[in-house]
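Take a look at the letters that make up each chain.
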Amino acid sequence: MKSIAIYNNKGGCGKSTSVINLAYEFSANNKVLVIDTDGQSNTSRFFADDPKNGLERVLLGESEELNAESTRYDNISIITATAAINNAVGTFGGFSEKKQVQIAESIVNANGEYDYVIVDLPPAMNVVTEHIVGACDFVFVPVELGTFSIQGIPKVTSVIAKCKAQFGGAFINKFDKKNSADITLLKTFAEFLGNKALTTAIPYSKVIKNSISYKTTAREYMGWTNAGKAFGQLADEIGERIGE
Ligand SMILES: Nc1ncnc2c1ncn2[C@@H]1O[C@H](COP(=O)(O)OP(=O)(O)O)[C@@H](O)[C@H]1O
Ligand SMILES: [Mg+2]
């Protein structure tokens, strides 16, 4: 089992989009569990028609079960989150450190029933998300190219270190190959991150944006396009990095 968290402290850089599409790509040959920890429920709504407080119940010990729901995808299950997760943060924060670690690990390990566990996160960390990230094997960071976002990467990696998690690498999302500034920033990104820069860049594309509105992944929507294939490439690269 491999567990991966997708994190960046910036909203809108593509965390949820990446979680949804990576889960789909990995599910071709693997059993995948998606854990949504964001009270905005974007990923939960993609996979479940009516998201419940799945994560909250396991966090607070209200359920012995993992509370994973099956989805319309045979190989993907999800633990959903709703806004109620924010109420659970205080209670969870009152538990001993040992208990917090133990609960987070049991959620992420998921009884060993899955090949991949993929965690979606809100931009701002809290005691719950810190422990969930800490229980993951690796954290990958989507970056929307920009001078400020590249300068912000050390802040992101310091948050990952604070969670006692391992930074697996960063990848570019919303890459615009027609924009010369993006070409320059791509080089800066690669130099800045060295071997932590993934080579796959996810293009800025209507295929990716619109697919989510139709409740499909980019590959299901237009798998013959470059954008439709991009997350497959990313999943392969991540799989290789973390040693499939
Ligand atoms: N590669 C892409 N091309 C076009 N639109 C994208 C791409 N990635 C994400 N988006 C869009 O950007 C917005 C923010 O993405 P989202 O995954 O919700 O970010 P986050 O979870 O980090 O807040 C959404 O409207 C999404 O459809
Ligand atoms: Mg999101």
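Residues numbered from 1 in each chain as written. Chains lettered and ligands numbered in written order. Predicted model: local features only at pLDDT ≥ 70, side-chain atom pairs only at ≥ 80, totals over all residues.

Draft legend 1. Highlighting the site of ligand 1. In the vicinity of ligand 1 there are 16 residues, among which Gly14, Lys15, Ser16, Thr17 and Lys209 approach most closely. Among the secondary structure elements, those contributing two or more residues to the shell around ligand 1 are α1 (15-26), β7 (167-175) and α10 (206-213). (Near = placed C-beta within 6 Å. Helix = DSSP H or I, 4+ residues; strand = E, 2+ residues; numbered from the N terminus.)

Draft legend 2. Unusual backbone geometry, seen in detail. Even without a glycine there, the phi angle at Asn67 is positive, about 65 degrees. The residue Asn67 is located in the loop between α3 (54-59) and β3 (69-70) in this model. A tally of 20 C-beta atoms within 10 Å means that Asn67 is categorised as buried. Residues other than glycine seldom take positive phi values, yet Ala110 does so here, at roughly 50 degrees. Of note, Ala110 is situated in the loop between α5 (97-109) and β5 (116-120). Judged by the 18 C-beta atoms lying within 10 Å of it, Ala110 falls in the partly exposed class. (Buried ≥ 20, exposed ≤ 12 C-beta atoms within 10 Å, placed from the backbone.)

Draft legend 3. Expanded view of the pairing of strand β1 (residues 2-6). Counted residue by residue, β1 has four buried out of five residues, so it is predominantly covered. As paired strands, β1 and β5 are joined by five bridges and run parallel to one another. Note that in β5 the partner of Ile4 across the bridge is Ile118. As defined by bridge partners, β1 adjoins strand β6 (residues 138-144) across three bridges and the pair is classed as parallel. When the bridges of β6 are listed, Ala5 appears paired with Val139. (Pairing = 2+ DSSP bridges.)

Draft legend 4. Molecular detail of the sheet that holds β7. One open sheet accounts for eight strands, arranged β3-β4-β2-β5-β1-β6-β7-β8; its pairing is mixed. Of all the strands in the sheet, the pair left with one neighbour each is β3 and β8 (197-203).

Draft legend 5. Quick look at the packing of α5 against helix α6 (residues 127-135). Between α5 and α6, the shortest axis-to-axis distance is 8 Å and the interhelical angle comes to 60 degrees. On the basis of their axis angle, the class for α5 and α6 is oblique. Crossing of α5 over α6 shows right-handed handedness. On the side of α5, the interface is formed by Gln100, Val101, Ala104, Glu105, Ile107 and Val108, while α6 contributes His131, Ile132, Gly134 and Ala135. (Axes fitted to C-alpha atoms, helices over the stretch in contact; angles between N-to-C directions. Parallel < 35°, antiparallel > 145°, perpendicular 65-115°, else oblique. Left-handed = near helix turned anticlockwise from the far one by under 90°. Contact = placed C-beta atoms within 7 Å.)

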